[in-house]
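Fold and contact review
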Amino acid sequence: MNNPEHLYEKSQTVHNKRIDGPFRRFKWAIMAVTLTIYYVTPWLRWDRGPYAPDQAVLVDVANRRFYMFGIEIWPHEFYFVAGLLIMAGIGLFLVTSAVGRAWCGYACPQTVWTDVFQHVDRLFDGDRNARVRLDKAPWGPSKIARRGSKWAVYLLISFVTGGAWILYFADAPTLFREFFAGEAAPIAYGTVAILTATTFALGGFMREQVCIYMCPWPRIQTAMLDEGSLIVTYKDWRGERRGSLKKAEKAPDAFGDCIDCMQCVQVCPTGVDIREGQQIGCITCALCIDACDKVMADIGRPRGLIDYATLEDCEREAAGAPPVPVIKTLLRPRTLVYFGVWASIGLAMLFALGVRTHTDISVSPDRNPPFMLMRDGSVRNAYTLKLRNMESRPRKMEIALEGLPGAVFWTETTRREDAGRSYVVEVNADAIKTVRAYVLAPSETFGQNFAFTVTSLDEQRETDISETLFTAPGAP
């Protein structure tokens, strides 16, 4: 009986080698910055006065607010969040067009936490060769102890990661205390459990498999690259034909600069051989550049056999032309258009934030019945007014009628005898006040548009207006 044909190769564990160099140090810096932002941000305080939370960044789901330092976003201002998401998407397009998959290589959460877990591997199991030997070794007390200790650290990192996430949705010190006292809401424990499990699995074990098979972004990014994009490139015209250093010394004209040392493969966190060309597994972390430059320095050959370069530049260099300056490569029409769109959206959002008022009114007329005829022939309509005070302090606001000659109004907390054209209410800090208003118009009034205005009675004197319809049986 013939052996069955295997259509898929079994996944090989990637044991990447430690390397030092400019790109590795840059990865260290990005990892430190991103992890610090993620873990520390919920603990930062921001004084908004006695009536608002003092957490610098808070997604207050219960009260439908989003706070980010001095900015407060209300539900009706969700377009600001949409604008930030659009900016993030265009920013990714810009980065990809300019320097390839730099997001994947440096700032993607999967990359950052995979990097953390790989350093934990080195701490417990040693560098690449030691880890390979340990993987092949039979299970025994020593291997079980190493694996158990390492996985315990994995679990601790994963738990801290999941725990930090929920702190963005409630007051961090309070939730932290309630969580460990067993007094937090069940959703908090469920969220931490799910995020702990996914971080443990994706960062600790699946790693590069997530980038290659699960994540859709590499396929989208690939479609945005062209011959003018800076990517990590092996310059085959310079490196081929490959051969060992001894062979190259005996016949220097027969071999290129690549001595087939495999260092570029061994340092790659996804196990890619960059010499085979661009692949979906390459996350453009550039660690292979550090490894290759070190080897070139050791054997006395110029750096840059593997380097950031465009395909167009490689063709020119292969023909003997000098390299094009990086700044000229970046400042091309495609990247400038992306940057222009990205900056325009950002400036528009800043302008909208700068000119927005902190006073708002919305009006909803009653539909059933649309109007009531009074005994004296006058017509009454009922409305629900919502006054929004977006300041972190109580404010007095004046509601007034605009238009609708001869009409007066009163509220459910006042008497009809006290009806007039304006009325003052107090709205709590950072709150919405609902006011039930009754508008009374003379008998000769016909259906027409008019407006309610609200004006804050403080030094800012902010005004907002909301048009609505007065319904009456008469016609113009």
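Read on for a plain summary of the structure. (Residues numbered from 1 in each chain as written. Predicted model: local features only at pLDDT ≥ 70, side-chain atom pairs only at ≥ 80, totals over all residues. Heavy atoms only, no water.)

1. Focus: the overall build of the protein chain
- Helix and strand counts for the protein chain come out as 17 helices and 14 strands.
- Over its C-alpha atoms the protein chain spans a radius of gyration of 33 Å, topping by over 25% the 23 Å that the globule rule assigns to 476 residues.
- Residue pairs at least 24 apart in sequence account for 69% of intrachain contacts in the protein chain once pairs closer than 6 positions are excluded.
- Working note: accessible area of the protein chain is about 25,900 Å², and carbon and sulfur atoms make up 62% of it.
- Side chains of the protein chain give 53 positive and 52 negative charges; the mean places of these two sets differ by 6 Å. (Helix = DSSP H or I, 4+ residues; strand = E, 2+ residues; numbered from the N terminus. Rg over C-alpha atoms; globule rule 2.2 N^0.38 Å. Contact = heavy atoms within 4.5 Å. Areas by Shrake-Rupley, 256 points an atom, 1.4 Å probe, with all protein chains shown as cover. Lys, Arg positive; Asp, Glu negative; His and termini not counted. Charge placed at Lys NZ, Arg CZ, Asp CG, Glu CD.)

2. Re the side chain of Ser378
- Among the structural elements, Ser378 can be located in the loop between β7 (372-373) and β8 (379-389).
- One polar contact links Ser378 to Asp376, side chain to side chain, over a distance of 2.6 Å.
- If we ignore the near neighbours within four places in the chain, the residues touching Ser378 are Met372, Leu373, Arg416, Leu440, Ala441, Pro442 and Ser443. (Polar contact = N/O pair within 3.5 Å; in protein donor to acceptor, adjacent residues only side chain to side chain.)

3. Brief notes about unusual backbone geometry
- Glu240 connects to Arg241 through a cis peptide bond whose omega is 0°.
- Cis geometry is found at the peptide bond from Asn368 to Pro369, where omega equals -5°.
- Summarising the element assignment, Pro369 is placed in the loop between β6 (359-365) and β7.
- Unlike most non-glycine residues, Ala286 shows phi in positive territory, near 70°.

4. Looking at the pattern of salt bridges
- Per the stated rule, a full pass over the model turns up 33 salt bridges.
- Across the salt bridge formed by Arg45 and Asp171, the nearest N and O atoms sit 3.0 Å from each other. Taken together, the residues Arg45 in the loop between α1 (22-40) and β1 (57-60) and Asp171 in the loop between α6 (141-166) and α7 (172-181) connect sequence positions 126 residues apart.
- Residue Arg45 is classed as partly exposed on the basis of its relative accessible area of 35%.
- On the accessibility criterion, Asp171 (30% relative accessible area) is partly exposed.
- Across the pair Arg332 and Asp226 runs a salt bridge whose closest N-O atoms are separated by 3.2 Å. (Salt bridge = Lys/Arg side-chain N within 4 Å of Asp/Glu carboxyl O. Buried < 20%, exposed > 50% of the residue type's maximum accessible area, 1.4 Å probe, protein only.)

5. Some points on the pairing of strand β13 (residues 448-456)
- Along β13, 7 of the 9 residues are buried, which leaves the element largely enclosed by surrounding structure.
- As defined by bridge partners, β13 adjoins strand β14 (residues 463-470) across 8 bridges and the pair is classed as antiparallel. Across the sheet, residue Ala451 finds its bridge partner in β14, namely Glu467.
- Between β13 and β14, which pair antiparallel one after the other, the connecting turn spans 6 residues, and Arg461 there sits at a positive phi close to 50°. (Pairing = 2+ DSSP bridges.)

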